[in-house]
Amino acid sequence: MSNFFNHKLVTAMIFGQKLVLDCSFEAEMTGRECAAVAEQLQKLFGINRAHEEPFDLHFCSINRGSKVIQNLQRRIPTIFDANFPTNLHEDTYLEHFPRKSLVYLTPDSPNELRSYDPDDIYILGALSDVAKYEPYTYEKAERQKIRTAKLDLSDLELNRGGRLSSLEIHQVVAVLLDLKSKVDVKEAIRRNVKALKKYEATEIDINRPSLKHFRDSRLQCELWGAYTMLENLKKQRMKKTIFTHKKHLLDIEDK
């Protein structure tokens, strides 16, 4: 099963659409936020890996000694192996892709993403700044003269600070994967975000391809859990039987 998913990623590295993760924001985050980003990147990798047509992922501006990357390596120990199906770059995305093809997805962009272009290379900032919100990704894109766009999250509930809730990195990737499958932008957001006001959580489509791997994995875990529970019960029953038998033999000897 693992080889099957990895084969899809290798195919994506040759023929698939590129997706960039900008890992240059560690200085703007706390240790807890770095750990949160690493968790989101792990989820992102799993969601992408399970999709029928995964992205060719490019992690750019990485630093092996950074908290984010060290935390991510603890979660995915083989990530730096030579045959691991992803791209890790210490330099920036501008060294690998033409500027005219890049689109930075940032919540501060004035441009709403109304349609999905398979010829564009989308960039996501590996950033979590819940405590102190700053438009880091938008400002960086503006400095580099890169096009920007944002997902329309007007249906999202406001958070405690009165600001529109933002999506986590893996949620944005799940939306983009649905857009690749010709799903409408609003529909893709509805499918992947539980906090939408206008839709109940029960309406989220659990049968879409991006959730299939996790649905199957959960079933396997539940089956394995049931099996181990039965095996433990058998062992406990066997121990009880042996103990009862030994006690019976001792009672006979005493008599």
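Each chain carries its own residue numbering, running from 1 in the direction its sequence is written. Note on the predicted model: pLDDT of at least 70 is required for a residue's local features to be given, and 80 or more for side-chain atom pairs to be given and counted; whole-chain, interface and lining totals, by contrast, use all residues. Excluding hydrogens and water, the side-chain values take into account all heavy atoms of the structure.

1. Regarding the overall build of the chain
The secondary structure listing takes helices from DSSP runs of H or I that are at least 4 residues long and strands from runs of E that are at least 2 residues long, numbered from the N terminus. Across its full length, the chain holds 7 helices and 6 strands. Listing the helices and strands of the chain from first to last along the sequence gives α-β-α-β-α-β-β-β-α-β-α-α-α. Expressed as a percentage of contacts within the chain between residues at least 6 apart in sequence, the contacts between residues at least 24 apart total 74%. With residues, only the protein chains shown are counted as cover, and all accessible areas are computed by Shrake-Rupley using a 1.4 Å probe. Of the roughly 15,500 Å² of accessible surface on the chain, a fraction of 53% belongs to carbon and sulfur atoms. In this analysis, two residues are considered to be in contact whenever any of their non-hydrogen atoms come within 4.5 Å of each other.

2. A few points about the confidence of the model for the chain
pLDDT is a per-residue confidence score from the predictor, ranging from 0 to 100. Averaged over all residues, the pLDDT of the chain equals 79, while 68% of them reach at least 70. Here helix α7 (residues 209-254) stands out as the least confident element of the chain, with mean pLDDT 55; strand β4 (residues 102-105) is the most confident, with 98. Low pLDDT (under 50) marks residues 195-206, which in the prediction has 21 contacts with non-local residues, meaning those over four places away or in another chain.

3. What to know about helix α6 (residues 185-192)
The element α6 is largely enclosed, with a buried count of 6 among its 8 residues. When α6 is considered as a whole, its buried residues turn out to be Val185, Ala188, Ile189, Arg190, Arg191 and Asn192. Tucked into the core, α6 has its buried residues touching α5 (169-180). Where α6 begins, the side chain of aspartate 184 points an oxygen toward the backbone nitrogen of lysine 186, at a separation of 3.0 Å. Classification of residues uses two cut-offs on accessible area relative to the type maximum, computed with a 1.4 Å probe and protein chains only: under 20% is buried, over 50% is exposed, and between them is partly exposed. Polar contact is defined as a pair of N or O atoms within 3.5 Å, subject to the rule that within protein one atom must be able to donate a hydrogen and the other to accept it, and that residues adjacent in sequence are counted only when both atoms are side-chain atoms.

4. Focus on the sheet that holds strand β2 (residues 56-60)
When DSSP finds at least two bridges between two strands, those strands are taken to pair. Pairing within the open sheet is parallel, and its 6 strands lie in the order β3-β2-β1-β5-β4-β6. Edge positions in the open sheet fall to β3 (87-88) and β6 (147-149), since each of these has one partner strand only. Inspection of the sheet shows β2 paired to β3 by 2 bridges, in the parallel sense. Across the sheet, histidine 58 pairs through a bridge with asparagine 87, a residue of β3. To obtain an axis, a line is fitted to C-alpha atoms, over the contacting stretch when the element is a helix, and the angle between two such axes runs from 0 to 180 degrees between their N-to-C directions. Each of β1 (18-22) and β2 touches helix α2 (residues 31-50); the most contacted strand, β2, lies at about 160° to it. Packed on one face of the sheet, α5 meets β1, β4 and β5 (121-125) and runs near 160° to β5.

5. Considerations on the side chain of glutamine 40
Assignment of secondary structure puts glutamine 40 in helix α2. For glutamine 40, the contacting residues outside a window of four places in its chain are Glu168, Ile169 and His170.

6. Let's talk about the nonpolar core
Grouped together as the largest cluster of nonpolar side chains are 60 residues, with contacts concentrated most on Leu41, Tyr93 and Leu151. Ranked by residue count, the leading element in this core is α5, at 8 residues. Ignoring anything within four residues of it in the chain, the contact list for tyrosine 93 reads Val20, Asp22, Cys60, Leu102, Tyr104, Ile123, Lys140, Gln144 and Ile146. We define the nonpolar core as a collection of buried residues of types Ala, Val, Leu, Ile, Met, Phe, Trp, Tyr and Cys that are connected through side-chain atoms lying within 4.5 Å of one another.

7. Quick word on the pairing of β1
Of all 5 residues in β1, 4 are buried; the element is thus mostly enclosed. Sheet topology note: the β1/β2 ladder contains 5 bridges and is parallel. Within the sheet, the bridge partner assigned to lysine 18 lies in β2 and is aspartate 56. In this region the chain leaves β1, passes through α2 and returns to the parallel neighbour β2; the handedness of that crossover is right-handed. Where β1 meets β5, 4 bridges bridge the pair, whose relative direction is parallel. Bridge pairing in β5 links leucine 19 to tyrosine 122. Handedness is read with the strands pointing away from the viewer; a crossover is right-handed when the path from the first strand over the helix to the second is clockwise.

8. Section: the environment of aspartate 56
Inspection of the secondary structure assignment puts aspartate 56 in strand β2. The sequence separation of aspartate 56 and glutamine 17 amounts to 39 residues, and the corresponding C-alpha distance is 5.8 Å. In this structure aspartate 56 touches Ala12, Met13, Gly16, Gln17, Lys18, Leu19 and Asn87, once residues within four positions along its chain are discounted. A polar contact is formed between the side chain of aspartate 56 and the side chain of lysine 18, at a distance of 2.8 Å.

9. Digging into the packing of α2 against α5
At a closest axis distance of 7 Å, the pairing of α2 and α5 adopts a crossing angle of 20°. Compared by their axis directions, α2 and α5 come out roughly parallel. The handedness of the crossing between α2 and α5 is right-handed. Of α5, the residues touching α2 (which contributes Val37, Gln40, Leu41, Lys43, Leu44, Ile47 and Asn48) are Ile169, His170, Val173, Ala174 and Leu177. Here the contact of α2 with α5 is composed, by residue class, of 8 nonpolar, 3 polar and 1 charged. Roughly parallel refers to an angle under 35 degrees, roughly antiparallel to one over 145, roughly perpendicular to one between 65 and 115, and oblique to any angle outside these ranges. Note: crossing handedness is left-handed where the near helix turns anticlockwise from the far helix by less than a right angle, and right-handed where it turns clockwise. Following the grouping adopted for this structure description, the nonpolar residues are Ala, Val, Leu, Ile, Met, Phe, Trp, Tyr, Cys and Pro, the charged ones are Asp, Glu, Lys and Arg, and the polar ones are all others, Gly among them.

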